[in-house]
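Chain and residue survey
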Amino acid sequence: MVETRYVWVRLGGLSLRLWVYLFHGTKLMFLQGYYTIAAGKKFCGHVLKNPYRLDPGWIIGWHWRGDGPNRRQIYYHVKSAYDTERSFRHASASEEVARDRVGLSIETAGMLVRDLLAYWPLTKSQRARLTRKLRDLRERYRRAQRPALQGATDQVTASAGFRDSRGRSNPRASAARLLAAQRRYGVRLEEITSIVPHLGRLHVLVTQELARIQHTLLEHDFELLQEVRRKLPRCKEERDLRWATATLQDVRRDLATIRVAPFYRNCRYMEAEIAMAVQVLGDTREMPEERVKRVVPIIATMINSIVFKRAQRVLEGLIREVSMAQASGELDSVQPEAYARRVQGFAQRAERLCEGGFRHKRLVALQKHLAKAVKNLRAGELVKAKDCLKAASRLL
């Protein structure tokens, strides 16, 4: 992965400051400031009725829509790396299903052309069979939004009845229309073939960043801060305080590299807290014991903050499982209860979380969302349960 730190991008009349990662030509861009889009502006395909705020750490991306001269870039935004990871999983699964469907459509169109020309004039049973296959092919993409699929459906519809534009029986005219439909299915297949690797690269990039944050913030820096908290009360000399200062500065450098939600705000807060702690530790006008006494609560609050993020990582793994199960539609009668019990287990562990030093208390609201998720899971309401779990995750 090649990292490019900051770039400016013009989007919808706004100049956005972005943190960009590059991976084999694939870009992942993180907002680095608050941006408000005014009411009346068009955003994500809709005219905004009210002002809309984009937050630091949100992910900005784009995809291509349309063909030929109508091809244009459509921008989108995602509110966290976890949401992005889930969306890529869903999109990849969806495109894989679409690839299978389009491949089957290409095969069906070819078979119709072959049978239409080989068996003409058709018997009553042959006509009924081919007509049924045409109807199935037409219905498969009746609500399609892609221009290639819409064009293919028009050609399939026009071939029904096996007549030409003058109403005469003409298998060759219908065969030509079906071949035209087959070519359009091929266009869609080429789109999918190009999209799936791109989605794969984006998924790798997001997964790689989450793994880096897991190793850096949730494990390594967490252990360093715990070590500082353990040893600080025994620090009596300046050299001991210099060690604590150097260790905190190491953590601060790691935090500066984490620019994506839902870690963005925590990391900026912790950077400011470390700066305050370093200033206190370096103030030689006070005795070491007094400085230590002032810094220990700061370190404890940062540790609690990381504990919340570690818990969020666990909950997001469960959300991902529920989300994929809900999307697949292949749940058995036992799975929702199994998920409900896992959420209950998480809720019990979350009771031990400490929000000491936090300005905004959130554990009561967290337990309410988790309880609602359990209730919805047992009722078979997976979409509602997933929404409750996401609301709980936003509090961590």
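The notes below deal with the structure included here. (Residues numbered from 1 in each chain as written. Predicted model: local features only at pLDDT ≥ 70, side-chain atom pairs only at ≥ 80, totals over all residues. Heavy atoms only, no water.)

Moving on, we come to the overall build of the protein chain. Regarding its fold elements, the protein chain presents ten helices and nine strands. Split into buried and exposed, the 396 residues of the protein chain put 44% on the buried side. The contacts in the protein chain between residues at least 6 apart in sequence include a share of 60% that link residues at least 24 apart. (Helix = DSSP H or I, 4+ residues; strand = E, 2+ residues; numbered from the N terminus. Buried < 20%, exposed > 50% of the residue type's maximum accessible area, 1.4 Å probe, protein only. Contact = heavy atoms within 4.5 Å.)

So, on to the pattern of salt bridges. Scanning all chains against the criterion turns up 21 salt bridges. One salt bridge in this structure joins Glu 85 and Arg 320, with 3.4 Å as the shortest N-O distance. Here Glu 85, found in helix α1 (residues 81-119), pairs with Arg 320, found in helix α7 (residues 288-328); they are 235 residues apart in sequence, far enough to count as distant. Glu 337 is the salt-bridge partner of Arg 378, the closest N and O atoms lying 2.9 Å from each other. A residue pair is termed long-range when its members are at least 10 positions apart, and Arg 378 in helix α9 (residues 363-378) and Glu 337 in helix α8 (residues 335-350) qualify at 41 residues. Here Arg 378 falls in the partly exposed class, since its relative accessible area comes to 44%. Among the charged side chains, a network of salt bridges with common partners joins Arg 53, Asp 55 and Arg 265. (Salt bridge = Lys/Arg side-chain N within 4 Å of Asp/Glu carboxyl O.)

A few words on the environment of Arg 86. Inspection of the secondary structure assignment puts Arg 86 in helix α1. For Arg 86, a relative accessible area of 5% translates into the label buried. Note: C-alpha distance between Arg 86 and His 203 (117 residues apart in sequence) is 9.0 Å. Apart from the residues within four sequence positions on either side, Arg 86 is in contact with Glu 316, Ile 319, Arg 320, Ser 323 and Lys 390. Of note is the side chain of Arg 86, whose polar atom sits 2.3 Å from the side chain of Asp 83. (Polar contact = N/O pair within 3.5 Å; in protein donor to acceptor, adjacent residues only side chain to side chain.)

Taken as a whole, this structure holds five aromatic pairs when the rule is applied. Taking 5.7 Å as the distance between ring centres and 45° as the angle between the ring planes, the aromatic pair formed by Tyr 141 and Tyr 185 counts as tilted. Linking Tyr 141 in the loop between α2 (124-140) and α3 (147-159) with Tyr 185 in helix α4 (residues 171-231), this pair joins segments that are 44 residues apart in sequence. We classify Tyr 141 as buried; its relative accessible area is 7%. The buried category is assigned to Tyr 185, whose relative accessible area is 0%. A centroid spacing of 5.0 Å and a plane angle of 65° characterise the contact between Phe 308 and Phe 358, whose relative ring orientation is edge-to-face. (Phe/Tyr/Trp six-rings, centres within 6.5 Å; stacked < 30°, edge-to-face > 60°.)

Turning next to the side chain of Thr 247. Mapped onto the elements of the fold, Thr 247 is located in helix α5 (residues 238-256). Among the polar contacts made by the side chain of Thr 247, one reaches the main-chain carbonyl oxygen of Trp 243 at a distance of 2.9 Å. Setting aside its immediate chain neighbours within four residues, Thr 247 contacts Leu 224 and Val 228.

This part covers the packing of α2 against α3. Running from N to C, α2 and α3 cross one another at 155°; their axes reach a closest spacing of 9 Å. One finds that α2 runs roughly antiparallel with respect to α3. Viewed along their axes, α2 and α3 form a crossing whose handedness is left-handed. Residues Leu 134, Leu 137 and Arg 138 of α2 touch α3, and the partners they reach there are Thr 153, Val 156, Thr 157 and Ser 159. (Axes fitted to C-alpha atoms, helices over the stretch in contact; angles between N-to-C directions. Parallel < 35°, antiparallel > 145°, perpendicular 65-115°, else oblique. Left-handed = near helix turned anticlockwise from the far one by under 90°.)

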